[in-house]
Amino acid sequence: MATSITIIGAGLGGLVLARVLHVHGIAATIYEADPSPDARTQGGQLDIHEHDGQIALAEAGLTAEFRAIIHQGGEATRILDPQGNALLDEPDDGNGGRPEVLRGDLRRILLDSLPNGTVKWGRKLVSIRPVGGGRHELTFADGTTDTAELLVGADGAWSKVRPLLSDAVPEYAGTVFVETYLYDVDRRHRETAEAVGPGAMFAFAPAKGIAAHRESGDVLHTYVELSRPLDWVNRIDFGDREAATETLVNEFDGWAPELTALLTDGDTAPVPRPIYTLPSSHRWDRTPGVTLLGDAAHLMPPSGDGANLALFDGAQLAKALVAHPTDVNAALDEFESAMFTRSAEVAVEAHDTLDRCIGERAPYGLIELLTGATVR
Ligand SMILES: Cc1cc2nc3c(=O)[nH]c(=O)nc-3n(C[C@H](O)[C@H](O)[C@H](O)COP(=O)(O)OP(=O)(O)OC[C@H]3O[C@@H](n4cnc5c(N)ncnc54)[C@H](O)[C@@H]3O)c2cc1C
C-alpha cells in the first residue's frame, strides 16, 4: 500500500481498522487523545452481534480471544414493571447470537493484537489543514504535527475530522442516560441483584426507565433513562451527589425500592450521559484523502448497535483498502456507499428502539420487539 494511513481515535472502530490492516501486512498509525490505555474506565457490557461485530472480530483474527472474554449467562433478559413484577423473563440458553463482553476487555484484546507503538497516546488532535493532493496537516494539543495521506476520523461523537466532510453537528435527542454502579451485589445489594437477575433487566414506562446489566465481578451497571429537556438536565448539580440523586429518584416515585436502589444505593456518583445524535441519513460527498467511521460518521441513540457498527466499519474499511491498494479513492467510495446505507437503516431502528423503550407504548413496545408478539 503506497499511501500511509493515519487514524484519529483508539476506540473500537479505529483499533479494528488498524488490526485488520495489520493482518494484511499494512501498517497504520493511531493518534489517541487519552494519555494511556487505562486513563478512563471503558464503560459497561456490550452485546456483540453475529451479523456485524463478530464478523469484524473474525476479520481481525480475534475470534478465539473474543470467545475467551464472553460473560457466560449475560444474554438473559428480564423486563419488569415499575413494581418489580416480571413481564418477560428469558434465560440465556446460549443461542441468542449476541454474547456480552466488557468493553474494556474487548479494547484490551484489540490493543494487544497491534504492534507496539501503533497507538500514539496523549496526542489530541486540535486542528487540521488541507495541504493539497488529499493530504492534511494535523496539529496536536502538545504542539506536535504530522501530515496524513489518508486521514480516518474514528474519533467518536465530537469528531474533529467530521467538519472536513460535513456541516452536521450532533443534536440532543431529548433523553438523558444517568450511569450508576453497584458493587459486590450478592452480599451488599441482594434484593436488587435478585431483581436484575443474571443478565439484563429493563423497567420502562413512558418517558422514564431503568436498565441494568449484571456484569462479571458481582457488578450491577445501570442506566437510568429520562426523556427531559436539556435545560432540566443542566439544572441538576451532579457535583452534589445527594441532591442529584434525590432529584432523579423523585422521578421514580412509587417504583419498587429494589429498582430505585440502583440509583439511591450507587457505589459511584451518578454520571449524566445526555444522548446526542446525527441525522439518520448523515452522509457526505467523496473528498480525497479523508473519511469517517463509527460514531464520527453515524451517531445514534444507544440501542446496542453503535459499538458493533464501529467494529464492522473498521473491518470493512480495511478490507476495501486491501482490495484497492493503488486506488484509495475507489476504496473509500466502496466503503462509504455501503456504510451510508447500513448506518441509515440502523439509525432509524435505533430511534424506534428508544421510542419502544421509553415512548408512549412503554414497556410493551420493547416486549413486542424482543418477542415478535403483539402485546396490546
Ligand atoms: C450511554 C451509552 C451507552 C451505550 N451502550 C452501547 C451498547 O450497549 N452497545 C453498543 O453497541 N453501543 C453502545 N453505545 C454506543 C457506543 O459506545 C459507540 O457507538 C461506540 O463506542 C463508537 O465507537 P467509536 O470507535 O466510533 O468511537 P469511540 O468509542 O467514541 O472512540 C473514539 C476515540 O477517539 C478518541 N478521540 C476523540 N477525539 C479525539 C481527538 N481530537 N484526538 C485524538 N483522539 C480523539 C477518544 O478518546 C476515543 O478513544 C452506547 C453509547 C452511550 C452514550
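Numbers given for residues are sequential positions, taken from 1 along each chain in its written order. Since the coordinates come from a predicted model, pLDDT governs what is reported: local features require at least 70, and pairs of side-chain atoms require 80 or more to be given and counted, while whole-chain, interface and lining totals use all residues. Hydrogens and waters are ignored; side-chain quantities use all the structure's heavy atoms.

In the vicinity of the ligand, 31 residues are found, and the nearest of them are E32, R103, L125, D295 and A307. G13 places a main-chain nitrogen or oxygen 3.0 Å from an oxygen atom of the ligand. Polar contacts, as used here, are pairs of N or O atoms within 3.5 Å; protein pairs need one atom able to donate a hydrogen and one able to accept it. Residues neighboring in sequence count only if both atoms are side-chain atoms. At a separation of 2.6 Å, an oxygen atom of the ligand approaches a polar side-chain atom of R103. Using a 1.4 Å probe, accessible areas were evaluated by the Shrake-Rupley method; residue-level cover was limited to the displayed protein chains. Notes on the ligand: free accessible area 1000 Å², of which the protein chains cover 82%. Only runs of H or I of at least four residues qualify as helices and only runs of E of at least two qualify as strands under DSSP, and these elements are numbered from the N terminus. If one sorts the elements of the shell around the ligand by residue count, helix α10 (residues 306-323) sits on top with 4 residues. Classes in brief: Ala, Val, Leu, Ile, Met, Phe, Trp, Tyr, Cys and Pro nonpolar; Asp, Glu, Lys and Arg charged; the others, Gly included, polar. Broken down by class, the residue content of the shell around the ligand amounts to 12 nonpolar, 9 polar and 10 charged. Near, as used in this document, describes a residue that has one of its heavy atoms within 4 Å of the molecule or strand being considered.

Our next topic: the packing of helix α8 (residues 241-250) against helix α9 (residues 257-264). Relative orientation and spacing of two packed helices are given, respectively, by the angle between their axes and the distance between those axes. It is the contact of α8 with α9, at a shortest axis distance of 10 Å, that shows an interaxial angle of 150°. Overall, the two elements α8 and α9 adopt an arrangement that is roughly antiparallel. Judged by the sense of rotation from one axis to the other, the crossing of α8 with α9 is right-handed. Listed contacts from α9 to T245, L248 and V249 of α8 are T260, L263 and T264. Its residues placed into classes, the contact of α8 with α9 shows 3 nonpolar, 3 polar and no charged. Throughout, an axis means a line fitted to C-alpha atoms (over the contacting stretch in the case of helices), and angles, computed between N-to-C directions, take values from 0 to 180 degrees. Our angle categories are set so that under 35 degrees counts as roughly parallel, over 145 as roughly antiparallel, 65 to 115 as roughly perpendicular, and the remainder as oblique. The crossing is said to be left-handed when, going from far helix to near helix, the turn is anticlockwise and less than a right angle, and right-handed when the turn is clockwise. Two residues form a contact once any of their heavy atoms are found within 4.5 Å.

Another aspect to go through is the environment of G133. Residue placement: G133 occurs in the loop between β8 (125-132) and β9 (135-140). Each residue's exposure class comes from its accessible area (1.4 Å probe, protein chains only) as a fraction of the maximum for that residue type: buried when under 20%, exposed when over 50%, partly exposed otherwise. Accessibility expressed as a relative area gives 85% for G133, which makes it exposed. Sequence separation between G133 and G104 is 29 residues; the distance between their C-alpha atoms is 38 Å.

Aromatic contacts are taken between Phe, Tyr and Trp rings whose centres are within 6.5 Å, Trp giving its six-membered ring; a plane angle under 30 degrees counts as stacked, one over 60 as edge-to-face, and the others as tilted. For the structure on display, the rule yields 8 aromatic pairs. Ring geometry for W158 and Y276: centres 5.1 Å apart, planes at 70°, overall edge-to-face. In this pair, W158 sits in the loop between β11 (150-153) and β12 (171-182) while Y276 sits in strand β16 (residues 271-277), placing the two residues 118 residues apart along the sequence. Each residue in the set W158, Y172 and Y276 is aromatic and connected to the rest through ring pairs, giving one cluster. Throughout this description, the term charge over a ring refers to an Arg CZ or Lys NZ atom that lies within 6 Å of the ring centre and within 35 degrees of the ring normal. One residue, R123, lies across the ring of F140, its end atom 5.0 Å from the ring centre. Sitting above the plane of the W232 ring, R228 keeps its charged end 5.6 Å from the centroid.

Listed under "binding site: NADPH" (unreviewed entry) in the UniProt record, and renumbered for this structure, are R40. When you line up the elements, R40 lands in the loop between β2 (29-31) and β3 (45-47). UniProt positions are given in the numbering used here, feature names are shortened, and annotations may be inferred rather than shown by experiment.

A few words on the sheet that holds β8. We treat two strands as partners when DSSP finds at least two bridges between them. The 3 strands are arranged β8-β9-β10 in an open sheet whose pairing can be described as antiparallel. The sheet is open, and its two borders are formed by β8 and β10 (145-148), each paired with just one other strand. Along the sheet, successive strands turn relative to each other by an average axial angle of 25°, direction set aside. Strand direction decides the pairing type here: β8 and β9, joined by 6 bridges, are antiparallel. The partner of S127 across the bridge, within β9, is T139.

On the UniProt side, "domain: FAD-binding" (unreviewed entry) is annotated at positions that read residues 3-169 and 289-326 here. With 47% helix and 8% strand, residues 289-326 has end C-alpha atoms that lie 13 Å from one another.

Right, let's talk about the sheet that holds β2 for a bit. Whenever strands of a sheet pair, they do so through backbone hydrogen bonds, lying parallel or antiparallel. The 5 strands are arranged β7-β2-β1-β11-β17 in an open sheet whose pairing can be described as parallel. Of all strands in the sheet, those bounded by a partner on one side alone are β7 (119-120) and β17 (290-292). In this sheet, β7 lies alongside β2 in parallel orientation, the contact comprising 2 bridges. Paired with Y31 across the two strands is K120, which belongs to β7. Along the sheet, helix α1 (residues 12-23) makes contact with β1 (5-8), β2, β7 and β11, crossing β1 at roughly 155°.

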